[in-house]
Each structure stands twice: as C-alpha cells, then as structure tokens.
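So the chains spell out like this:
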Amino acid sequence: MNTSKTLQFALLSLAVIGGMILLPQGLGLYSVELLNIFLVNVILVCSYRMTVTTGDWGLAHIVMMGVGGYSAALLAKDAGFSIYLTIPAAGLIAAFVAYVMSLPLSRTVGFGYFIASFAIAELVRLSWLKFDTLFGGVRGLINIPIGKVFGYSLFDPVIYYYLSLAVAVICLMLMFQIDRSRIGIVWRSLSTDADLARSGGINVSYYRKLAFMCGSAFAGVAGALLVHRLGSVDPKGFDLTTMIYLVIWVVVGGTGSFWGPIAGLIVMTFFFEWTREFLAWRPLFFGGILILFLIFLPNGLDGLLRKLFDKVTSRGGAKQ
Amino acid sequence: MLEIKNLKVSYDKVEVLHGLSLNVNEGEVVALVGANGAGKSTTLRAVSGLVRADAGTITLDGRRIDGASAVDVTRAGIAHVPEGRRVFAEMSVKENLLVGAFQRSDKDGIARDLASVFERFPRLEERQIQMSGTLSGGEQQMLAIGRALMSDPSVVLMDEPTLGLAPLMCRQIVKIVRELNSQGKTIVLVEQNARMALSVADRAYVIEKGEISVTGTGQELLHNPDIKKAYLGIA
C-alpha cells in the first residue's frame, strides 16, 4: 500500500467509526440492541475468517465463542471480575481450550477436519450440559453481573454499545494487522497448497494450530461481549444451527478479503430481520441462499465486487 | 557436501528406492536422469524431508538430515523447487516470494534477496502484485525458483524445471542454473530432458528402477552409447 492509499484507508476507517459513534443517537432502543449483537457478530465473522484462511473449514468456532462466554460468566459471577478483566480473560481461556482441541484436530485435514471439529466442539458443548453444578446444565447461567464503565451503568444499551464498539474496533485492528503480517501470508499459503508450503520449510501443523487459537481467542472475546449483554448463557446458543448461520454469513461475504465476511454479515442481518414474519420458512431461505452462493458466487460478495471492479477498470483494454 | 548412502524409500509398502547412494560436492551441478518412475523425484523428496526413508543415511556437511522435518532441512540450507512449477496461485508474486523466506528472521537479508530475485527475474518485479496463478508457465517456474532462493539456500534441489516449457524458456532455465552455480550454489537437477541435464551438469547419475545404474561426468554420459540409446533417442 502506498502512502496516498494508506491515507485514504485511514480516512475511510475514521469516517466509518465516526458514523458508528453517532449511529445510536437516531435509533430506538430495540435497534441499539440489534447493533450490540451486530458488533459481537462482526468480531465473530472476522475471527472465523481468520481460521478459515488456512483452508480449515470447521464447525467448532461457535463453541469457541461459547467457551469465552461461559468463562466470562463464571469469572464475573463467582470470582467477581470486572468486565475489563472478563473480556480479555475470555479470549485467553478460549485460546487455551483451542490449543488443547487443536492437538488432535491438527492431525486431520479437509473433510476429516470438518467432521472432527464438529465432534470435538460438541464434546465441549455437551460438557456444559453434563457438569451442571459448574455450568448450570440446560438452563445455563443467569444473572451475570454487567457492571459499569467510567461510572455509567452498562445496563443502558447505548453505553454498552460504546463499549462493544471500542472492543470491536480494537479486535478488528488487531485481526487486520495479523492478516497482513507474514503470519497471515503463511496462513493463506496453507489453503492454496499445504504440501508446497511444507516443501518450502513451513511447519504446517504449527501454523494451523496458531490460526485456530488466534481465531478462537477473538471468538472468545465476542462470546464475553454477548454474554454480558444478555445477562445469561446456555448451551443452546452455541449449537449447530447457530454455527450454520455463521458459515452462511462468511460464505455469502466471501473470504477473499478481510471485509468480505462483514459485508456478508450486514446483508444477511438485514435479510434476517426482513424475514421475521416468515419465521417457519427462514431456514429454507437461508439454506437456499447458501446453495445459490456456493454454485453461482463461490467467492461471495467480495468476489463479485472484485470481478465488477476489474471489469470497470480494465475496460480500456490495457492489461497493466 | 550432500551424501546419500544406501537410501531405501517406499510408498505404501511398495519399495521404490532400493539402496541408492550418491554424493554431491560443494559447488557442483549434479544431474539425476532416468525414466518415469525410476525414483528421481522420490530421492529429492527424501532429501528435503517430505518422505521418510526406511533405511540409509542422508548427510549434509557431515550432519545427518534423514528423519529431520522439512522445516529443519530448509533451515539447514537446502531448498526444493518441486515438480510442476507449483506456486501459490491465489497469492501475489511478492507474497509467494515472502513465504519462501519465512523461516528467516534477518529483515535486511530478506530485503536484499528479494531485490536480487527481482534483478534476476525482472518479469517478476513487473508483476509483483499480480496473482501468481495468472502468470505464464515460464514465469511460474521462475517464481518457483525465486521462492526457493528466498530461503538463502546453499543447495538447490530442482525437480524437472523444464517440464512443459517452450524451448526458448528451457534455454533460459539452463542459463539460470549456470548462473546460480557460478554464484556458489550447489545444484541437484532432476530431469527427463537428459540432453539438457547432462550438458549443464558437472556430474550425473542415471537412476534405473530405484538404483544408480551409471555415473560419470556430464560429458562422459552424453557420449556413452547405452545412454544415447536409452535416454537421448539416438541409435
């Protein structure tokens, strides 16, 4: 990136963040609550893309979010941690659990990884049901303290929105930097040709584990934000259905660029709200959209925009 | 410098190398020629740690490297340019090169080697932000070689670098091999194009069914009547 492009990018980011700061002023409380969930999901989709850049499409990510959520809930309830501590701690604990899970998972590839990630994540999720003295079983944990920031009660959705926005901006900046770093390049090389990467002297299993841990850490942070907002956490929230929605957001957006999954999330969130009246039909709509994208736009909205952009810019016929 | 002794390798219990031995001295270009399936690529893959040897030893400067991981072999100074000019198609030319330098931490050295790869292959510099999948075959092969050079190796293993390339491009590859060699790189060249390989090599080994059948200098083998008949298509 040259300097003028960097400047453009910085200005654009500032404009978006400025817009996000002003946004709740014109909205009702219900919309602000939706925005809170939206910010959680922004961190979630970006963190899922992070693990997916290695080519490891798995079904464990939503449970990693749950690990963060349960960790934050327990730390806040039983240990009395403030939200400043529970959010980063949730990320660290999720990363640690991800490390343990990745020991067997990194020995599988492709379809094997896909299924194994589901199985091992389900194991974690079912343990929340089984060990009910600690995790509260089916009902989960309730009355999770929400706390204050700078003397303002986070119970107010607008205040909570600003906290979420700050956390989301920090997480996105970190993830963006990692994506552009040498580690990000290596992750992408694994999805293109893992054997070739190995022959170039890259420790493939180490970098796959690292990607799963980093992605899970940010998912854990998202989980903590979600749980503090809802005031409760239960195993149902992190089941396969929720995971499929996450996959749909990311597939619709496309994983080719950092921004693709966020675009997918925005479009599908609006779609989700519009289909509120047709509740029973919703899974059918979403399934249909997933199939249509996989057939006609396998690179998602990101790939579509890029294709259009290339067409517009190369119309002069000059190749360079 | 690089010494292979009595190497045995099998794929799924089918033995493909039956006790192969060869040695490569520092600063040499050594060619391995032979028919399809003779075990040329397998030999390279065993050296670079991509397949495990059942028996035998591989040493680099006296240190055993058989059983070492591909990561450690690369770190020890051996770079592998795999067959079929493989590049990371969905990544840019520059990113491909940076992946090659991954296990190095000397930033200045990496920048210097990147500049020297671009100097050697000006086409790659012109196209550094282009997706490497959109390069021509010859350019992809240059990129694959450039990526190997980014690990600053002392030994470069090249697997069929001219396969499927136009004659002009093949000559270019020969020139690159000579240049690299004159700059101090030791090169092990696997080729089906025996004439090209023998003409550029200091020494060569003919591999037949997993064993060395003939060895000699490149010129000797080029004029060996059996080799002429079997590999050069001259009766």
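Let us look at the structure shown here. None of the values given here were measured: they were computed from a predicted structure.

Residue and element names in this part refer to chain B. Pairing within the open sheet is mixed, and its 6 strands lie in the order β6-β7-β8-β3-β9-β10. Edge positions in the sheet fall to β6 (78–81) and β10 (211–217), since each has one partner strand and no second. Taken over all neighbouring pairs, the strand axes of this sheet differ in orientation by 15° on average, direction set aside. Pairing geometry for strand β7 (residues 155–159) and strand β8 (residues 186–191), over 5 bridges, is parallel. Considered in β8, the bridge of valine 156 is made with isoleucine 187.

This brings us to helix α13 (residues 300–313) of chain A. Residue and element names in this part refer to chain A. For α13, built from 14 residues, the straight-helix expectation of 20 Å at 1.5 Å per residue is met to within 8% by its first-to-last C-alpha distance of 20 Å. For α13, the complete set of buried residues consists of Gly300, Asp302 and Gly303. For α13, the angular spread of the buried residues around the axis is 105°, confining them to a single face. When the buried face of α13 is taken as reference, the exposed residues oriented beyond 90 degrees from it are Leu305, Phe309, Lys311 and Val312. Taken together, the buried residues of α13 touch α10 (240–253), α11 (260–274) and α12 (282–296).

For residues besides glycine, phi is generally negative; the peptide bonds are generally trans as well. Non-glycine residue phenylalanine 150 of chain A carries a positive phi angle of around 50°. Relative to the elements of secondary structure, phenylalanine 150 of chain A occurs in the loop between β1 (148–149) and β2 (152–153). Classification of phenylalanine 150 of chain A by relative accessible area gives exposed; the value is 76%. The phi dihedral of aspartate 152 of chain B is positive, around 55°, even though this residue is not glycine.

Taken residue by residue, the interface counts 22 residues in chain B and 19 residues in chain A. Around 1,800 Å² of area is buried between chain B and chain A when both sides are counted, 66% of it from carbon and sulfur atoms. Contact with chain A buries area across many residues of chain B, yet Arg86, Phe88 and Phe102 of chain B alone supply 34% of it, more than any other trio. The interface formed by chain B and chain A includes 2 salt bridges. A salt bridge links arginine 86 of chain B to aspartate 193 of chain A; the nearest nitrogen and oxygen atoms lie 2.9 Å apart. At the junction of chain B with chain A, the criterion picks out 4 residue pairs in polar contact (both at pLDDT 80 or more). Where the side of chain B that touches chain A is concerned, the elements lending two or more residues are α2 (70–75) and α3 (93–100) of chain B. Here the side of chain B that touches chain A is composed, by residue class, of 13 nonpolar, 3 polar and 6 charged.

Parameters and conventions
Residues numbered from 1 in each chain as written. Chains lettered and ligands numbered in written order. Predicted model: local features only at pLDDT ≥ 70, side-chain atom pairs only at ≥ 80, totals over all residues. Heavy atoms only, no water. Pairing = 2+ DSSP bridges. Helix = DSSP H or I, 4+ residues; strand = E, 2+ residues; numbered from the N terminus. Axes fitted to C-alpha atoms, helices over the stretch in contact; angles between N-to-C directions. Expected span 1.5 Å × (residues − 1). Buried < 20%, exposed > 50% of the residue type's maximum accessible area, 1.4 Å probe, protein only. Arc of directions from axis to C-beta. Contact = heavy atoms within 4.5 Å. Buried area = accessible area lost by both parts, 1.4 Å probe. Salt bridge = Lys/Arg side-chain N within 4 Å of Asp/Glu carboxyl O. Polar contact = N/O pair within 3.5 Å; in protein donor to acceptor, adjacent residues only side chain to side chain. Nonpolar A, V, L, I, M, F, W, Y, C, P; charged D, E, K, R; others polar.

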